[in-house]
Amino acid sequence: MSETLENLYSETRQFPPPAELAAAANVTAEAYEQAGADRLAYWEEQAKRLTWTKPWEQVLDWSNPPFAKWFVGGELNIAYNCVDRHVEAGNGDKVAIHWEGEPGDTRTITYSDLLKSVSQAANTLTELGVTAGDRVAIYLPMIPEAAVAMLACARIGALHSVVFGGFSVDALSTRIEDADAKLVITADGGYRRGKPSALKPTVDEAVAKCPSIEHVLVVRRTGEDVTWGEKDLWWHETVEQASTTHEPRSFDAEHPLFILYTSGTTGKPKGILHTTGGYLTQVSYTHSAVFDLKPETDVYWCTADIGWVTGHSYIVYGPLSNGATQVMYEGTPDTPHKGRFWEIVDKYKVTTLYTAPTLIRTMMKWGDDIPAKYDLSSLRILGSVGEPINPEAWMWYRANVGRDRCPIVDTWWQTETGGVMISPLPGVTSTKPGSAMTPLPGISADVVDDSAQSVPDGGGGFLVLSEPWPSMLRTIWGDDQRFIDTYWSRFGKGAGAGDDWIYFAGDGAKRDDDGALWLLGRVDDVMLVSGHNISTTEVESALVSHPSVAEAAVVGASDPTTGQAIVAFTIPRGNVDTDGAAGEQLIQDLRNHVAKKLGPIAKPRQIMLVAELPKTRSGKIMRRLLRDVADNRSLGDVTTLQDSTVMDLISSGMQAAK
Ligand code: 6R9
């Protein structure tokens, strides 16, 4: 990518916060001023949300950049902050988790229940020889034991490394090996798409390759037969028999908390390392500020999987540190029917829904009539995370789920940032459909060109973070040099330019005339068409703004005349006729529609109508695989794909169209 990113799209719609919500909001406009005047004092104030056993001596030690230390000298126990203190404050009977299994079985877990289970699991881990600093791999479905296992590790100072249930033997074993984990916590299986989906066989194969594993702790969920080896122990025969009391001990603010692997596009997965005090401060604060959490009355539901950073920060650590009541759901959104999410919202009177653009676009594809059948009046705030949300998907979410009442918070962040960085505040910000708006109080973000100069309003370039933040990654596990090379060597001091350390996020972005930020996708995905840098996001959003389109992915394919040409893979909405001539007509209409919205430079060379797109388990479109198809190459690494059959269908469709 050269100097700037083309800015093709402009948005004029704007939605001020509802007056009632603004009047009672947890965070007001003043916060930006306070944080602007003294960023470290602002974070110091937020750290007081937590219970510390020893106060810190220094807020930030940045004397050895890019290695940060936050709340230096402070001590705390994370599990105590997420569980015990709520029980001690008299909220033991409060529901922490309304758990809904896919087959319809339910469990209600109070903070007292959680304290017992976490204590039992901590006692069992200790008995099994796990001590502070050891690594534990967690490979579980979306069941309460996943949260319990994470908190038990945190309680004894062991690092968890959660691996998506559903990743392959290879993905699991390379993560176990890289972290040199001692123990795996897994289950016989979980329920997905109406039937049991086994996990244990994958673990058996992975463990056979990983001598570092001493024990495998197995939760019984589906009751299906499993092969039993000498390292295996049932959770119900160990954890559930253990003592329900466990004395939490304090850990240093910089004690490591967890490793979470991100795949990236090339090379082996990066083990992102997070630590204790700064991480909990930022996730606790942002969960309260961004969702305006009222712990007494709100019912919060984040639909993410625990194997994604969103599950770590906004199912486990953020909500539980805030004493929230939340819903946790095991299964898929269309089991047993396509209204399952809305049924759950109605059943538990969910007030705050946090989900991903991929799901919103899927719901669009299924049709407006499905959410319309349910009572969604309990909802008050809607959140989005994981990808840029296309303006029309945002509008659909607002109208069909939020019924034009609920503010939408589009939250930009990464595994590496640990917590939300850029987002509206629901009681403060006038939102624009498709924009994550502005950095949160205490966060410094910028959009820069190739030479690290801030782009003027209206311009596009690279998103960077210009000051350290409490929940920042501390390094890549076992590879400090890769940490420096990947994030700190593109701009600023690490690149030999200037005196400041500047974090390169890897995303393209633009800043509009009001200073609002628009995320434009990964810079690896930017297309270079006849000398113009065009973001995939803008072309995809133009396609999604056509009434016949639910979802789209665009890639640059090599082209003899334009360098790269735009190829679009498009999923039509449910009721659209795509047979024969109707399909041909739709394709022509869509090409013209994009040209009209964004200009002729963005007109796709080719549009394929497809039924599905390749996505990761966290719902991100894998454009790299579509590029392979568009360029007729053999497919690269597919191990993190959610559904491996999708690529076969797309490849054969592409061949047929040639
Ligand atoms: C939390 C999470 C990080 C990448 C990030 C960006 C994309 C996430 C976004 C968004 C636009 C948003 N991303 N949220 N893009 N708007 N609101 O997703 O972490 O899995 O590490 O992915 O996701 O490209 O760089 P992670």
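Given the structure is predicted, the values throughout are model-derived calculations rather than measurements.

### Quick word on the sheet that holds strand S16 (residues 299-302)
Okay, step 1: Read across the sheet, 7 strands follow the order S5-S4-S17-S16-S18-S19-S20 without closing on themselves; strand pairing throughout is mixed. Strand pairing shows two members of the sheet lacking a second neighbour, strand S5 (106-110) and strand S20 (408-410), which therefore form its edges. Each strand of the sheet is rotated relative to its neighbour by a mean of 15°, with strand direction disregarded.
Okay, step 2: Where S16 meets strand S17 (residues 325-329), 3 bridges bridge the pair, whose relative direction is parallel. When the bridges of S17 are listed, Val299 appears paired with Thr325.
Okay, step 3: Of the strands in this sheet, strand S4 (95-100), S5, S16, S17 and strand S18 (352-355) are in contact with helix H12 (residues 340-348), which crosses S4 at around 145°.

### Thoughts on the packing of helix H10 (residues 277-290) against helix H11 (residues 309-321)
Okay, step 1: Orientation of H10 relative to H11, taken along the N-to-C sense of each, is 85°, at an axis distance of 8 Å. When the axes of H10 and H11 are compared, the pair comes out roughly perpendicular. Packed against H10, whose contacting residues are Tyr279, Leu280, Val283, Ser284, Thr286 and His287, the element H11 presents His312, Ser313, Tyr314, Tyr317, Gly318, Pro319 and Ser321 at the interface.
Okay, step 2: Grouping the amino acids of the contact of H10 with H11 by side-chain chemistry returns 6 nonpolar, 7 polar and no charged.

### A short note on the site of the ligand
Okay, step 1: Around the ligand, the surrounding shell holds 17 residues, and the nearest of these are Asp410, Thr411, Thr415, Asp507 and Lys620.
Okay, step 2: One of the side-chain N or O atoms of Gln414 is found 2.9 Å from an oxygen atom in the ligand.
Okay, step 3: The contact in question runs from an oxygen atom of the ligand to an N or O atom on the side chain of Arg522, over 2.9 Å.
Okay, step 4: For the ligand, whose free accessible area comes to 530 Å², the fraction covered by protein is 92%.
Okay, step 5: Every element with two or more residues in the shell around the ligand is listed here: H11 and strand S25 (517-522).
Okay, step 6: Partitioning the shell around the ligand into residue classes produces 7 nonpolar, 5 polar and 5 charged.

### Observations concerning unusual backbone geometry
Okay, step 1: In the segment running from Pro65 into Pro66, the intervening peptide bond is cis, with an omega of 5°.
Okay, step 2: One can find Pro66 in the loop between strand S1 (58-64) and strand S2 (67-72).
Okay, step 3: Here the bond from Thr335 into Pro336 is cis, since omega is 0°, no more than 30 degrees from zero.
Okay, step 4: Unlike most non-glycine residues, Asp292 shows phi in positive territory, near 45°.
Okay, step 5: Relative to the assigned elements, Asp292 resides in the loop between H10 and S16.

### A short note on the pairing of strand S19 (residues 381-384)
Okay, step 1: Across the two faces of S19 the burial is the same, with Ile381 and Gly383 and Leu382 and Ser384 all buried.
Okay, step 2: Relative to S19, S18 is paired through 4 bridges, and the arrangement is parallel. Looking across to S19, one finds that Thr355 is bridged to Ser384.
Okay, step 3: One ladder, built from 3 bridges, connects S19 with S20; its direction is parallel. Each residue of the ladder has a partner; that of Leu382, found in S20, is Ile408.

### Details of H11
Okay, step 1: With 13 of 13 residues buried, H11 is to be regarded as a mostly interior element.
Okay, step 2: A positive phi of about 65° marks Gly323, the residue just after H11.

### Thoughts on the UniProt feature "binding site: Mg(2+)" (unreviewed entry) in the protein
Okay, step 1: Mapped onto this numbering, the UniProt entry gives "binding site: Mg(2+)" (unreviewed entry) at Val544, His546 and Val549.
Okay, step 2: Relative to the helices and strands, His546 resides in the loop between helix H17 (536-544) and strand S28 (549-559).
Okay, step 3: Leaving out residues up to four positions away in the same chain, His546 has contacts with Leu586, Asp589, Leu590 and His593.
Okay, step 4: With respect to the secondary-structure elements, Val549 resides in strand S28.
Okay, step 5: Residues within four places of Val549 in sequence aside, it is in contact with Met364, Leu543, Val544, Thr570, Ile571, Pro572, Arg573 and Leu590.

### Considerations on the packing of aromatic side chains
Okay, step 1: Applying the stated criterion across every chain yields a total of 33 aromatic pairs.
Okay, step 2: Judged by centre distance (5.8 Å) and plane angle (85°), the ring pair of Tyr42 and Tyr285 falls under edge-to-face. Remark: Tyr285 occurs in helix H10 and Tyr42 occurs in helix H3 (residues 39-47); sequence separation between them is 243 residues.
Okay, step 3: The exposure class assigned to Tyr42 is buried, which follows from its relative accessible area of 6%.
Okay, step 4: According to the relative accessible area criterion, Tyr285 is buried, its value standing at 3%.
Okay, step 5: Site record: aromatic cluster; members linked through ring pairs are Trp62, Phe67, Trp469, Phe483, Tyr487, Trp488 and Tyr503.

### Here's the deal with the domain arrangement of the protein
Okay, step 1: In terms of domain boundaries, the protein breaks down into domain 1 (75-93 + 110-279) and domain 2 (530-656).
Okay, step 2: On a C-alpha basis, the centres of domain 1 and domain 2 stand 39 Å from each other.
Okay, step 3: On the side of domain 2, 6 residues touch domain 1, which itself brings 10 residues to the contact.
Okay, step 4: Of the roughly 680 Å² buried where domain 1 meets domain 2, counting both sides, 56% is carbon and sulfur surface.
Okay, step 5: Where domain 1 touches domain 2, the interface holds 0 salt bridges.

### Quick word on the state of the cysteines
Two cysteines, two sulfur atoms, one covalent bond between them: this is a disulfide.
Okay, step 1: Scanning the entire structure with this criterion turns up 0 disulfides.
Okay, step 2: A disulfide-free cysteine, Cys406 has its sulfur positioned 17 Å from the sulfur of Cys302, the nearest such atom.
Okay, step 3: On the accessibility criterion, Cys406 (1% relative accessible area) is buried.

### A short note on the side chain of Arg135
Okay, step 1: Relative to the helices and strands, Arg135 is located in strand S6 (residues 135-139).
Okay, step 2: For the buried Arg135, no salt bridge exists, and the shortest N-O distance to an oppositely charged side chain is 4.1 Å, to Asp180.
Okay, step 3: Within the local environment of Arg135, its side chain forms a polar contact with the backbone oxygen of Gly133, the two atoms lying 2.8 Å apart.

### So, the nonpolar core
Okay, step 1: Core analysis: the largest hydrophobic core is formed by 132 residues, its most contacted members being Leu114, Ile185 and Tyr317.
Okay, step 2: In terms of nonpolar packing, the next biggest core, distinct from the first, is built from 55 residues, Tyr348, Trp366, Trp394 and Val401 among them.

### A short note on the packing of helix H7 (residues 169-179) against helix H8 (residues 200-209)
For any two helices packed against each other, the geometry comes down to the angle between their axes and how far apart the axes lie.
Okay, step 1: Where H7 contacts H8, the axes come no closer than 9 Å and their chain directions differ by 45°. When the axes of H7 and H8 are compared, the pair comes out oblique. For the crossing formed where H7 meets H8, the hand is right-handed. Packed against H7, whose contacting residues are Val169, Asp170, Leu172, Ser173 and Glu177, the element H8 presents Thr202, Val203, Glu205, Ala206 and Lys209 at the interface.
Okay, step 2: Tallied by class, residues from the contact of H7 with H8 come to 4 nonpolar, 2 polar and 4 charged.

Scoring rules and cut-offs
Residues numbered from 1 in each chain as written. Predicted model: local features only at pLDDT ≥ 70, side-chain atom pairs only at ≥ 80, totals over all residues. Heavy atoms only, no water. Pairing = 2+ DSSP bridges. Helix = DSSP H or I, 4+ residues; strand = E, 2+ residues; numbered from the N terminus. Axes fitted to C-alpha atoms, helices over the stretch in contact; angles between N-to-C directions. Contact = heavy atoms within 4.5 Å. Parallel < 35°, antiparallel > 145°, perpendicular 65-115°, else oblique. Nonpolar A, V, L, I, M, F, W, Y, C, P; charged D, E, K, R; others polar. Near = heavy atom within 4 Å. Polar contact = N/O pair within 3.5 Å; in protein donor to acceptor, adjacent residues only side chain to side chain. Areas by Shrake-Rupley, 256 points an atom, 1.4 Å probe, with all protein chains shown as cover. Buried < 20%, exposed > 50% of the residue type's maximum accessible area, 1.4 Å probe, protein only. UniProt positions renumbered as here; feature names shortened; annotations may be inferred. Phe/Tyr/Trp six-rings, centres within 6.5 Å; stacked < 30°, edge-to-face > 60°. Domains from an automatic or database assignment. Buried area = accessible area lost by both parts, 1.4 Å probe. Salt bridge = Lys/Arg side-chain N within 4 Å of Asp/Glu carboxyl O. Disulfide = S-S within 2.5 Å. Lys, Arg positive; Asp, Glu negative; His and termini not counted. Core = buried A, V, L, I, M, F, W, Y, C linked by side-chain atoms within 4.5 Å. Left-handed = near helix turned anticlockwise from the far one by under 90°.

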